[in-house]
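What follows is the residue order along each chain.
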Amino acid sequence: MSLVRVDHSTVGRWWASLDRWTLAALLALVGIGYVMMLSASPAVAERIGASSRHMFLTRQVVYSLIAVIVMVGVSMLPVKWVLRAAMLGALGALVLTAATLVIGTEIKGARRWISFPGGSLQPSEFLKPCLAVAVAWLLAEGRPTEAAGVLSRAQDLVRRAGLRNEYVVPIDAWLATAHRREAERVPLSNPRRRKACL
């Protein structure tokens with residue numbers, strides 16, 4: 001199959017729109033992670049009495065393959081579907097993150113996991129990309145005030161729940177970006193309003 005510019009198949013259009021530098025950086029990070037895991041995980045696996053010295057590496061490879069399939073699939077979706085999925089995903093992950101306070105399993109002193117037969121799930125890890133897509137959409141649409149409002153409400157929820165938001169979701173950094181974008185939209189002739197945004 002040809003992947004040149006004149007190829008108008010789904011894969012051809014996807015390949016033409018792909019940010020190859022970001023993909024290369026992502027693959028490099030995955031590779032570095034595997035090297036680090038190869039050096040550290042066998043000792044940990046032996047210490048906990050795992051069935052295989054490479055148990056953690058094998059699990060990571062399986063999870064990475066699943067992640068690549070999901071990543072390619074999502075990157076081929078129309079933008080409208082990605083936004084809908086991000087909004088629904090953020091809402092679902094937020095509900096599940098709040099549920100960890102009630103039904104969460106405590107692991108190493110932190111109650112961030114929901115256990116189910118065959119494994120466990122950390123909902124805040126799904127909240128991060130979904131919220132990032134939602135906030136990026138608001139900022140790209142030229143609606144930084146709405147983005148700042150959403151993030152301020154999220155920050156209040158996280159604080160009331162007693163969570164450290166820099167670990168769960170980096171809300172402060174995103175909120176600062178939203179306020180900066182909001183300030184950029186204010187005319188220079190209104191310095192008081194610009195200062196209020198910042």
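Predicted, not measured: the structure shown is a model, and the values here were computed from it.

> Provide a residue-level description of the overall build of the protein chain, including the pertinent values.
Counting its secondary structure elements, the protein chain contains nine helices and three strands. Its helices and strands taken in sequence order, the protein chain reads α-α-α-α-β-β-β-α-α-α-α-α from the N to the C terminus. Here the contacts in the protein chain between residues at least 6 apart in sequence split such that 42% fall between residues at least 24 apart. Just so you have it, the protein chain exposes about 13700 Å², and 66% of that area is on carbon and sulfur atoms.

> Explain the layout of surface pockets residue by residue, including any values.
Size it by volume and the largest pocket reaches roughly 2100 Å³. Looking at the lining of the largest pocket, the elements that each hand over two or more residues are α2 (20–47), α3 (55–75), α4 (79–103), β2 (110–116), β3 (119–121) and α5 (124–140). Per element, the largest residue contribution to the lining of the largest pocket is 13 residues, and it comes from α3. A per-class count over the lining of the largest pocket returns 28 nonpolar, nine polar and five charged.

> Outline the packing of α5 against helix α8 (residues 171–185), supporting the account with residue identities and numerical values.
Between α5 and α8, whose axes approach to 11 Å, the crossing angle comes to 5°. Accordingly, the angle class assigned to the pair α5 and α8 is roughly parallel. Contact residues: Lys128, Leu131, Ala132 and Leu139 in α5; Trp174, Thr177, Ala178 and Arg181 in α8. Residues belonging to the contact of α5 with α8 are distributed by class as follows: five nonpolar, one polar and two charged.

> If you had to explain a nonpolar patch on the surface to someone new, which residues and values would you point to?
Residues Val62, Tyr63, Ile66, Val70, Val74, Leu77 and Trp81 make up a contiguous nonpolar surface patch of about 650 Å² in total accessible area. Among the elements that line the nonpolar patch, the one with the most residues is α3, at five residues. By the element assignment, Val70 lies in helix α3. A relative accessible area of 48% means that Val70 is categorised as partly exposed.

> Tell me about the pattern of salt bridges, residues and numbers included.
Applying the stated criterion to the full structure yields two salt bridges. Arg53 serves as the salt-bridge partner of Glu46, at 2.8 Å between the closest nitrogen and oxygen. Given the relative accessible area of 45%, Arg53 is considered partly exposed. Across the pair Glu125 and Lys128 runs a salt bridge whose closest N-O atoms are separated by 3.1 Å. Residue Glu125 and its partner Lys128 are located together in helix α5, separated by three residues, close to a single helical turn. Under the relative-accessibility criterion, Glu125 is labelled partly exposed at 39%.

> Any chance you could break down α4 for me, citing the residues and the numbers?
In a regular helix each residue adds 1.5 Å, so 25 residues correspond to 36 Å; α4 covers 34 Å between its end C-alpha atoms and thus fits that length. Those residues of α4 that are buried are in contact with β2 and α5.

> Go over the nonpolar core with me, naming the residues and quoting the values.
Counting residues in hydrophobic clusters, the biggest one holds 13 residues, and the most contacted among them are Val135, Leu139, Ala147, Leu151, Ile171 and Ala178. Counting residues per element, the ones that place at least two in this core are α5, α6 (144–160) and α8. Top contributing element to this core by residue count: α6, with five residues.

> Tell me about the sheet that holds β3, and name the residues and values.
Here three strands make up an open sheet; going across it, the order is β1-β2-β3 and the pairing antiparallel. Single-partner strands in this sheet number two, and they are β1 (105–107) and β3. Across the sheet, the mean angle from the axis of one strand to that of its neighbour is 50°, orientation sign disregarded. Where β1 meets β2, three bridges bridge the pair, whose relative direction is antiparallel.

> Let's hear about the packing of α2 against α3: which residues, and what values?
Between α2 and α3, whose axes approach to 9 Å, the crossing angle comes to 160°. As the angle between them shows, α2 and α3 are arranged roughly antiparallel. Crossing angle aside, the handedness with which α2 passes α3 is right-handed. Residues Leu23, Leu26, Tyr34, Met37, Leu38, Ser41, Val44 and Ala45 of α2 lie in contact with α3, whose contacting residues are Phe56, Leu57, Gln60, Val61, Ser64 and Met71. Class assignment of the residues belonging to the contact of α2 with α3 gives a composition of 11 nonpolar, three polar and no charged.

The rules we used
- Residues numbered from 1 in each chain as written.
- Predicted model: local features only at pLDDT ≥ 70, side-chain atom pairs only at ≥ 80, totals over all residues.
- Heavy atoms only, no water.
- Helix = DSSP H or I, 4+ residues; strand = E, 2+ residues; numbered from the N terminus.
- Contact = heavy atoms within 4.5 Å.
- Areas by Shrake-Rupley, 256 points an atom, 1.4 Å probe, with all protein chains shown as cover.
- 1 Å grid on protein atoms, 1.4 Å probe; cavity = no way out; pocket = protein on both sides within 12 Å on 5 of 7 lines; lining within 4 Å.
- Points joined across faces, edges and corners; volume = space filled by probe spheres on them.
- Nonpolar A, V, L, I, M, F, W, Y, C, P; charged D, E, K, R; others polar.
- Axes fitted to C-alpha atoms, helices over the stretch in contact; angles between N-to-C directions.
- Parallel < 35°, antiparallel > 145°, perpendicular 65-115°, else oblique.
- Patch = residues over 30% accessible without salt bridge, like charges linked within 9 Å, V, L, I, M, F, W, Y side chains within 5 Å.
- Salt bridge = Lys/Arg side-chain N within 4 Å of Asp/Glu carboxyl O.
- Buried < 20%, exposed > 50% of the residue type's maximum accessible area, 1.4 Å probe, protein only.
- Expected span 1.5 Å × (residues − 1).
- Core = buried A, V, L, I, M, F, W, Y, C linked by side-chain atoms within 4.5 Å.
- Pairing = 2+ DSSP bridges.
- Left-handed = near helix turned anticlockwise from the far one by under 90°.

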